[in-house]
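Here is what each chain is made of, one letter per residue.
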Amino acid sequence: MDLEPVAGTIGAEVKGVDLAGPLRDDLAEGLRKALGEHLVLFFRDQQLDVASQKRLTGAFGELMAVPYVEPLADEPYIVAVLKEAGETGISVFGGAWHSDFSFLPRPPGGSVLLGVEVPPFGGDTLWANQIIAYETLPDDLKAVVDGRGAVHVGAPYGVKHAPASDLRLSRSIHIQRGDPEADREVVHPAVRTHPWTGRKALFLNPIYTTRLEGMSAEDSRPLLQRLYEHAVRPEFTCRFRWTPGAVAIWDNRATLHYAINDYDGQRRLMYRTTFAGEEPY
Ligand code: SIN
């Protein structure tokens with residue numbers, strides 16, 4: 001297995017690996033180690049079917065069904081992330097900086113995304129390294145987040161913070177909204193420790209974090225704004241150009257990601273699976 005970093009602080013392309021077959025224990029161990037180090041791994045030209053994608057995902061943690069997003073019929077662990085060519089001027093799934101489902105008591109440990117149909121240009125995905133983001137925080141912001149909790153809410157799926165009713169959303173990915181349960185506040189540490197490496201990462205979510213613990217949303221806003229601006233500095237990011245059969249595996253504990261919505265008029269279809277994580281500490 002060859003690893004080639006794709007940017008200065010995050011992401012590596014893995015070469016010489018066929019992900020479709022059963023994964024030998026030493027290969028799975030090598031991939032977990034590489035993911036812990038690089039936080040996102042990329043592979044080209046893989047022949048993954050649904051069974052092999054689930055098997056691959058299970059090598060990183062227990063397969064997990066995600067809430068609020070309708071999976072493929074008969075495949076509760078696979079979400080089709082789809083935007084049709086005819087869906088223009090709409091928001092896309094994941095089209096803002098976020099980590100996945102941080103409002104859950106045990107947010108996912110990571111995800112696997114397979115490019116099925118990709119546009120000839122556009123539709124790239126970005127990731128940002130939250131370990132480097134934490135380590136390079138200015139002292140005043142470090143003092144804000146160290147030892148403090150942050151409040152996460154499943155805002156887009158609930159009632160209190162529901163998206164504006166005139167927001168045009170994709171019809172191709174079915175998301176359940178208006179669930180009062182999703183308004184529940186969950187507190188996680190604003191800085192978490194990665195269980196695989198012991199490294200500390202900033203754990204704030206521009207979509208789901210509503211405020212810092214012990215502060216109002218209004219008082220938190222300017223601090224969160226500065227923290228988010230720092231968290232996604234270009235130096236902490238990488239960008240992946242999708243091709244059919246490409247696979248990305250990312251760590252959801254220590255990264256943010258962003259699906260770029262710049263391919264109106266083209267179809268984009270991805271299959272996504274998720275593996276479980278632990279209660280952040
Ligand atoms: C997501 O999981 O947030 C979507 C990623 C993508 O479609 O590139």
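A few points on the structure. Predicted, not measured: the structure shown is a model, and the values here were computed from it.

It is worth spelling out the pattern of salt bridges at this point. Tallied over the full model, the rule gives 17 salt bridges. A salt bridge links glutamate 117 to arginine 267, with the nearest nitrogen and oxygen atoms 2.5 Å apart. Linking glutamate 117 in strand 6 (residues 110–117) with arginine 267 in the loop between strand 15 (255–259) and strand 16 (268–275), this pair joins segments that are 150 residues apart in sequence. Taking relative accessible area as the criterion, arginine 267 reaches 30% and is therefore assigned partly exposed. Of the charged contacts, one joins glutamate 235 and arginine 233 as a salt bridge, the two residues approaching to 3.5 Å between their closest N and O atoms. Taking the relative accessible area as the measure of exposure, arginine 233 reaches 35% and is therefore partly exposed. Each of Glu84, Glu117 and Arg267 takes part in one network of salt bridges that share partners.

What follows is about the site of the ligand. In the vicinity of the ligand, the contacting residues are Val81, Phe93, Gly94, His98, Leu113, Thr125, Trp250, His257, Ala259, Arg268 and Arg272. One of the side-chain N or O atoms of threonine 125 is found 2.6 Å from an oxygen atom in the ligand. Taking histidine 257, its side chain carries an N or O atom lying 3.1 Å from an oxygen atom of the ligand. Coverage of the ligand by the protein chains reaches 100% of its 260 Å² of free accessible surface. The cavity where the ligand resides is the largest pocket. For the shell around the ligand, the secondary structure elements donating two or more residues are strand 15 and strand 16. Looking at the shell around the ligand, its residues break down into five nonpolar, four polar and two charged.

What follows is about the packing of aromatic side chains. According to the stated counting rule, one finds twelve aromatic pairs in the structure shown. Measuring from centroid to centroid gives 5.5 Å for tryptophan 97 and tyrosine 258, while their planes differ by 70°, and the two rings are edge-to-face. Placement of the pair is tryptophan 97 in the loop between strand 5 (79–83) and strand 6 and tyrosine 258 in strand 15, with a sequence separation of 161 residues. Overall, the relative accessible area of 16% leaves tryptophan 97 in the buried class. On the accessibility criterion, tyrosine 258 (26% relative accessible area) is partly exposed. Taken together, a centroid distance of 5.6 Å and an interplanar angle of 55° make the contact between tryptophan 127 and tryptophan 250 tilted. Of this pair, tryptophan 127 sits in strand 7 (residues 125–129) while tryptophan 250 sits in strand 14 (residues 247–251); the two residues are 123 residues apart in sequence, bridging distant segments of the chain.

Its identity is not glycine, yet aspartate 45 carries a phi of approximately 55°, on the positive side. Here aspartate 45 shows up in the loop between strand 3 (40–43) and helix 2 (50–58). Located in the positive-phi region is phenylalanine 101, a residue other than glycine, with phi close to 50°. Note on placement: phenylalanine 101 falls in the loop between strand 5 and strand 6. Exposure remark for phenylalanine 101: the relative accessible area of 2% places this residue in the buried category.

Once that is clear, we can look at the sheet that holds strand 15. The strands making up a sheet associate through backbone hydrogen bonding, with each pair oriented either parallel or antiparallel. Sheet architecture is open: three strands sit in the order 13-7-15, paired in antiparallel fashion. At either margin of the open sheet sits one strand with a lone partner, and together these are strand 13 (237–240) and strand 15. Each adjacent strand pair in this sheet contributes to an overall mean axis angle of 20°, direction not counted.

This next bit is on the sheet that holds strand 9 (residues 186–189). Strand order across the open sheet formed by three strands is 9-8-12, with antiparallel pairing between neighbours. Every interior strand has two partners, whereas the edge strands, strand 9 and strand 12 (209–212), have only one. Here the strands of the sheet are splayed against their neighbours by 35° on average, with no regard to which way each runs. Examined bridge by bridge, strand 8 (residues 149–152) and strand 9 share four bridges and lie antiparallel to one another. From the neighbouring strand, histidine 152 faces strand 9, where its bridge partner is valine 186.

The topology assignment puts proline 71 in the loop between strand 4 (63–64) and strand 5. For proline 71, a relative accessible area of 32% puts it in the partly exposed group.

Our next topic: the side chain of aspartate 100. On the secondary structure map, aspartate 100 appears in the loop between strand 5 and strand 6. Within polar-contact distance, the side chain of aspartate 100 engages the side chain of histidine 98 at 3.3 Å. Within the structure, the side chain of aspartate 100 is placed 3.2 Å from the side chain of arginine 272, a separation counted as a polar contact. The contact partners of aspartate 100, leaving out residues within four places of it in the chain, are Pro107, Pro108, Ser111, Trp250, Asn252, His257 and Arg272.

Thresholds, definitions, all that
- Residues numbered from 1 in each chain as written.
- Predicted model: local features only at pLDDT ≥ 70, side-chain atom pairs only at ≥ 80, totals over all residues.
- Heavy atoms only, no water.
- Salt bridge = Lys/Arg side-chain N within 4 Å of Asp/Glu carboxyl O.
- Helix = DSSP H or I, 4+ residues; strand = E, 2+ residues; numbered from the N terminus.
- Buried < 20%, exposed > 50% of the residue type's maximum accessible area, 1.4 Å probe, protein only.
- Near = heavy atom within 4 Å.
- Polar contact = N/O pair within 3.5 Å; in protein donor to acceptor, adjacent residues only side chain to side chain.
- Areas by Shrake-Rupley, 256 points an atom, 1.4 Å probe, with all protein chains shown as cover.
- 1 Å grid on protein atoms, 1.4 Å probe; cavity = no way out; pocket = protein on both sides within 12 Å on 5 of 7 lines; lining within 4 Å.
- Sits in = over half its atoms within 2 Å of the grid points.
- Nonpolar A, V, L, I, M, F, W, Y, C, P; charged D, E, K, R; others polar.
- Phe/Tyr/Trp six-rings, centres within 6.5 Å; stacked < 30°, edge-to-face > 60°.
- Pairing = 2+ DSSP bridges.
- Axes fitted to C-alpha atoms, helices over the stretch in contact; angles between N-to-C directions.
- Contact = heavy atoms within 4.5 Å.

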